[in-house]
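Chain residues, written in single-letter form:
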Amino acid sequence: MSPSTSQVQVEQKTYQMPPQDGFTVAHFLVVTDIERSLRFYEKVFDGRVLSRGDIKGAPGYLQIANTWLIVNVGGGPTPDKPKTTLSIPPDPDKVSSFMNIRVADIQACYEQWRKRGAEFITEPKDKYGETRCYIRDPDGYIIEVGQSKTGIAYG
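Quick caveat, the model's predicted, so the values are computed rather than measured.

Okay, the sheet that holds strand 2 (residues 48-51) next. The mixed open sheet is built from 4 strands, whose spatial order is 1-4-3-2. Strand pairing shows two members of the sheet lacking a second neighbour, strand 1 (26-30) and strand 2, which therefore form its edges. Here the strands of the sheet are splayed against their neighbours by 25 degrees on average, with no regard to which way each runs. As defined by bridge partners, strand 3 (residues 60-64) adjoins strand 4 (residues 67-72) across 5 bridges and the pair is classed as antiparallel. Following the sheet pairing, Gly60 is matched in strand 4 by Val71. In the packing of helix 1 (residues 34-45) onto the sheet, the strands contacted are strand 1, strand 2, strand 3 and strand 4, and the crossing angle to strand 3 comes to about 10 degrees.

Next up, the structure:
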């Protein structure tokens, strides 16, 4: 980013899972196979597996860049969520939430992640001041990959 464009200074902090101070945000994904999902996110995005969910019923934990994912199989209601059932998306073409990854070079990421086994819905396309495309994970979740065009600032 050139000095003349809008810049935001972000305080550098160390985040960890589980947090020792304050809080950390993690995204929970219901998956059909914990190990398969961990391998996918580890291989495609250079994720760092923190826990493989070895104990019966325990989820897997994974760090991708500055984000943590928790992956676990679905299940029925529990005392703390008495009317909620967790399951993978019944229709992968109907989405209510997705991970959004911002990259510096979308073409390089597209090529590298495709070689690592990512299944892209389309190649990168220009849309709304950015270039973007989407990946499907093994359970059908979509992951947006986008690169902002020069001169587009957030804030």
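What follows deals with unusual backbone geometry. In this model, Ala65 sits at a positive phi of 50 degrees, which is unusual for a non-glycine residue. Of note, Ala65 is situated in the loop between strand 3 and strand 4. Among the residues examined, Ala65 registers a relative accessible area of 64% and is labelled exposed. With phi around 50 degrees, Tyr128 is a residue other than glycine that occupies positive phi space. Given the relative accessible area of 69%, Tyr128 is considered exposed.

Among the 5 residues of strand 3, 4 are classified as buried, and the element is accordingly described as predominantly covered. Note that strand 2 and strand 3 share 3 bridges and pair antiparallel. Across the sheet, residue Ser51 finds its bridge partner in strand 3, namely Tyr61. Linking two consecutive strands that pair antiparallel, namely strand 3 and strand 4, is a turn of 2 residues; a positive phi of about 50 degrees is found at Ala65 within it.

What follows covers helix 1. Its 12 residues place the ends of helix 1 16 Å apart at the C-alpha level, agreeing with the 16 Å of an ideal helix rising 1.5 Å per residue. Every buried residue of helix 1 is listed here: Ile34, Ser37, Leu38, Phe40, Tyr41, Val44 and Phe45. The buried residues of helix 1 all sit within an arc of 160 degrees when viewed along its axis, so they share a single face. Among the residues of helix 1, the N-terminal cap falls to Asp33, whose side-chain oxygen and the backbone nitrogen of Glu35 are separated by 3.1 Å. Downstream of helix 1 by a residue or two, Asp46 has a phi angle that is positive, lying close to 55 degrees.

The rules behind these values
- Residues numbered from 1 in each chain as written.
- Predicted model: local features only at pLDDT ≥ 70, side-chain atom pairs only at ≥ 80, totals over all residues.
- Heavy atoms only, no water.
- Pairing = 2+ DSSP bridges.
- Helix = DSSP H or I, 4+ residues; strand = E, 2+ residues; numbered from the N terminus.
- Axes fitted to C-alpha atoms, helices over the stretch in contact; angles between N-to-C directions.
- Contact = heavy atoms within 4.5 Å.
- Buried < 20%, exposed > 50% of the residue type's maximum accessible area, 1.4 Å probe, protein only.
- Expected span 1.5 Å × (residues − 1).
- Arc of directions from axis to C-beta.
- Polar contact = N/O pair within 3.5 Å; in protein donor to acceptor, adjacent residues only side chain to side chain.

Treat this as a map of the structure, not an account of what it does.
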